Amino acid sequence: MPNKVAHLLPAVMLSVAVFSHAADKPKSTPPPSAVDPYAEVQPTTESLDIGMYQRIRDEGLNHSHVMEFASALMDGIGPRLTASPNAKKANEWTRDTLTKIGLENAHLEDWGEFGMGWQQMNTWARMVTPDTAVLILQATPWSPATSGPVTGEVEWVDIHEDKDFDKYKGKLAGKIVLYGAMREVPPVEKGLFERNTEKDLEEIAEYQVTAGGGRSPDMQARLRAFMERMRMADKIAQFFADEKVAAVIEPSRDAKNGGGSGGTLFDDNGATLGRTPYLADKKVKIPVAVAAIESYGRLYRLVHAHVPVTVEINIDTKFTGDHEHAYNTVAEIPGTDPKLKEQVVMLGGHLDSWIAGTGATDNGAGTIVAMEAVRIIKALGVKPRRTIRIALWTGEEQGLFGSKGYCKEHFGSAALSTAPEQQALPEFMRRATGPLEVKPEQKLISAYFNVDNGSGKIRGIYTQGNAAIAPIFAQWIAPLKDLGVTTLTMRNTGGTDHLSFDAVGIPGFQFIQDDLDYESRTHHSNQDVVERLQAADLKQIATVEAIFVYNAAMRDQMMPRKPLPDPAGEEKKRAPIEGIFPNAAQAAQQNQ
């Protein structure tokens with residue numbers, strides 16, 4: 001999803017190596033189809049069942065159950081941090097609900113060991129002196145608990161370089177540490193809720209041809225800055241533990257259009273004090289909370305005015321195991337065509353979330369619309385030619401772990417770079433160097449459709465650089481223009497689970513959606529709740545996704561593919577052509 005580390009870095013960096021095996025999954029794998037999806041000749045004209053378009057629209061728009069799914073998942077279960085007790089409940093609920101609405105072979109697949117299970121039981125804090133005030137804050141994910149309510153003097157700590165540690169040594173024991181500069185809080189002059197204009201969609205549709213290849217200088221600089229921040233975060237967390245601070249309070253980041261104010265706080269990767277706090281050997285050793293900027297700001301200003309400040313804080317959290325495994329939920333509508341039923345069309349989204357809200361727009365929305373899409377198809381009694389498979393992933397927020405693990409188990413994988421600078425990166429950010437080893441099931445997957453950009457209605461689709469598929473999708477969306485679906489773009493989009501499929505040569509797609517208040521208010525925040533979901537938009541998303549899945553399941557050919565990825569050959573393809581400069585060899589000889 002957008003605005004994550006995974007979204008900020010190129011798709012080539014999003015390879016992950018995890019242990020992959022299955023729990024409760026089918027005992028046998030169907031034999032590979034004789035069809036070579038890379039060699040199929042595609043027709044110029046699609047054979048569309050317009051009558052089925054109408055039936056899907058009627059069921060999805062007039063008889064929707066998407067908001068029932070929403071409340072049951074978000075209100076009934078709540079936030080779903082990977083490997084947490086709530087994630088387990090959500091896996092089981094989705095499995096059982098998919099069975100209830102008529103899907104077959106609903107099961108959980110274990111994608112491997114994730115790390116520590118954790119949940120927040122309660123977190124609160126108040127300023128005690130020089131005044132009393134309730135502070136808006138929550139524990140950061142995988143924070144340890146305080147030993148009940150603790151009270152301490154507040155001190156702001158400013159550490160950017162290794163030399164900065166010295167001025168705080170021996171001075172922080174028992175303190176409540178403010179860690180992070182006070183940022184600007186701009187007035188909210190623009191609306192936090194936005195829809196794409198025609199101009200926005202025209203810009204998305206324009207394909208940007210980039211020069212050269214590989215990582216741009218800007219991307220390389222951002223990567224170096226990220227790695228330095230992560231290096232310092234690990235050292236700072238250990239320093240605070242060694243100094244025996246009572247707790248750490250961090251300021252919440254801002255969001256688009258100044259949305260990170262008004263009591264909104266964000267509890268994502270940027271708030272966790274450590275690179276991989278979910279791993280037992282990397283666990284954060286002191287309690288950490290992230291505060292709404294207004295709460296943080298009052299403490300910050302008082303301390304900088306040399307006013308003694310004390311805070312009472314209680315971070316009540318619970319660890320549920322050091323080596324927890326995590327699971328994807330998978331279910332199917334079996335295909336019926338004897339020649340095509342072994343082939344599969346997939347759809348899905350990620351089931352895990354962060355903790356401050358209930359994970360409604362990120363990505364409860366993608367989960368419930370996928371469930372609603374297959375419910376629509378099942379309710380209409382469709383007998384798809386190909387098998388339709390829904391998959392709901394966990395571990396997406398930490399690096400696409402669930403979908404990467406699934407793809408590695410079923411479709412293939414490539415070795416990761418062992419270069420020193422690559423090994424210093426978190427595993428999910430390391431570059432694939434290949435070769436890509438493909439498994440037989442890889443040729444059976446026609447396409448994967450993903451939703452993970454919030455609650456806004458679908459306005460089109462990213463083709464992910466697949467030029468052959470653009471004229472097909474253009475015909476599919478022509479009857480949907482009255483629903484606002486108008487835009488195709490050759491652009492790639494990153495940050496979510498379709499990348500796992502694209503990396504192993506399977507057509508994987510993310511839809512273009514209206515932004516709404518996703519990037520300004522709800523993404524990873526305490527405002528990510530059911531009230532931020534837009535019911536009419538969710539109905540439209542589920543209807544459109546059901547039509548895309550139906551069309552892919554019924555057409556004669558599998559969806560066209562891009563050339564099979566060749567991670568091992570990428571650098572060679574980008575290498576300069578030798579001997580291209582006149583007199584270059586002669587000049588080299590003269591310099592010897």
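Throughout this document, residue positions are counted from 1 along each chain, in the order its sequence is written. This being a predicted model, a pLDDT of at least 70 is required before a residue's local features are given, and a value of 80 or more before pairs of side-chain atoms are given or counted; all residues contribute to the totals for chains, interfaces and linings. For the side-chain quantities, the full set of heavy atoms in the structure was used; hydrogens and water were omitted.

## Remarks on the overall build of the chain
- Helix numbers and strand numbers start at the N terminus; a helix is a DSSP run of H or I with at least 4 residues, a strand a run of E with at least 2. For the chain, the helix and strand inventory stands at 16 helices and 16 strands.
- We compute the radius of gyration from the C-alpha atoms alone; for a globule the expected value is 2.2 Å times N to the 0.38, where N is the number of residues. For the chain, the C-alpha radius of gyration of 25 Å lies close to 25 Å, the compact-globule estimate for 592 residues.
- Over its C-alpha atoms, taken along the principal directions, the chain stretches across nearly 80 × 75 × 50 Å.
- For each residue, the accessible area found with a 1.4 Å probe, counting protein chains only, is set against the maximum for its type, and the residue is called buried under 20%, exposed over 50%, and partly exposed in between. By residue count, 56% of the 592 residues in the chain fall in the buried class.

## Focus: the environment of G174
- The residue G174 is located in the loop between β4 (150–157) and β5 (176–179) in this model.
- On the accessibility criterion, G174 (36% relative accessible area) is partly exposed.
- Sequence-wise, G174 and V154 are 20 residues apart; in three dimensions their C-alpha atoms are separated by 9.5 Å.
- Contacts between residues were defined by any pair of non-hydrogen atoms, one from each residue, lying within 4.5 Å. Those residues within four positions of G174 in sequence are excluded, and the remaining contacts are G152, E153, K244, V245 and A246.

## Section: the pairing of strand β9 (residues 344–350)
- Taking burial as the measure, the seven residues of β9 include seven buried ones, the bulk of the element.
- In β9, alternate side chains face the same way, and those of V344, M346, G348 and H350 on one face and V345, L347 and G349 on the other are all buried.
- Looking at chain direction, β9 and strand β10 (residues 387–393) are connected through seven bridges and run parallel. Considered in β10, the bridge of V344 is made with T387.
- Classification remark: right-handed applies to a crossover when, strands pointing away from the viewer, the course from the first strand over the helix to the second runs clockwise. Once you follow β9 into helix α8 (residues 360–379) and on to β10, the crossover reads as right-handed.
- Strand pairing requires that DSSP identify at least two bridges connecting the strands. Where β9 lies against strand β13 (residues 445–450), five bridges are found, and the strand directions are parallel.

## Re the packing of aromatic side chains
- For Phe, Tyr and Trp, where Trp contributes only its six-membered ring, two rings pair if their centres lie within 6.5 Å, and the inter-plane angle classes them as stacked under 30 degrees, edge-to-face over 60, or tilted in between. Scanning the entire structure with this criterion turns up 28 aromatic pairs.
- Centroid distance Y179 to F240: 5.8 Å. Interplanar angle 80 degrees. Geometry classified as edge-to-face. Here Y179 is found in strand β5, whereas its partner F240 is found in helix α6 (residues 217–243), with 61 residues between them in sequence.
- When its relative accessible area of 17% is taken as the criterion, Y179 is described as buried.
- In this structure F240 comes out as buried when scored by relative accessible area, which is 0%.
- Grouping aromatic residues by their ring pairs yields a cluster made of W111, F114, W142, Y278, W354 and F401.
- Charge over a ring is defined by NZ of Lys or CZ of Arg lying within 6 Å of the ring centre and within 35 degrees of the ring normal. Its guanidinium or amino end placed over the ring of F266, R253 lies 4.0 Å from that ring's centre, counting from NZ or CZ.
- Its end group placed over the ring of F319, K283 keeps NZ or CZ at 4.9 Å from the ring centre.

## Notes on the confidence of the model for the chain
- Values of pLDDT, ranging from 0 to 100, describe the predictor's confidence in every residue of the model. Across the chain, the average pLDDT comes to 91, with 92% of residues at 70 or higher.
- Looking over the chain, one finds the lowest element-wise mean pLDDT in helix α1 (residues 5–8), namely 39, and the highest in β10, namely 99.
- Low pLDDT, under 50, characterises residues 4–23; the stretch is placed with 79 contacts to residues that sit more than four places away or in other chains.

## What to know about the environment of A237
- By the element assignment, A237 lies in helix α6.
- Relative accessible area serves as the criterion here: at 10%, A237 is assigned to the buried category.
- With 46 residues separating them in the primary sequence, A237 and K283 have C-alpha atoms 9.5 Å apart.
- Dropping the residues within four chain positions of it, A237 is found in contact with L273 and I286.

## Comments concerning the side chain of R57
- Relative to the assigned elements, R57 resides in helix α2 (residues 50–62).
- When its relative accessible area of 18% is taken as the criterion, R57 is described as buried.
- When sequence neighbours within four positions are dropped, the list of residues in contact with R57 reads N62, P479, L480, D482, L483, T543 and I547.

## With respect to the pattern of salt bridges
- Should a side-chain nitrogen of Lys or Arg be within 4 Å of a carboxyl oxygen of Asp or Glu, the pair is scored as a salt bridge. Scanning the model with the defined rule gives 29 salt bridges in all.
- Residue D166 is joined to K169 by a salt bridge in which the shortest nitrogen-to-oxygen separation is 3.5 Å.
- A relative accessible area of 52% places D166 in the exposed class.
- Of the charged contacts, one joins D234 and R275 as a salt bridge, the two residues approaching to 3.7 Å between their closest N and O atoms. Placement of the pair is D234 in helix α6 and R275 in the loop between β6 (247–251) and β7 (288–291), with a sequence separation of 41 residues.
- Residue D234 is classed as partly exposed on the basis of its relative accessible area of 30%.

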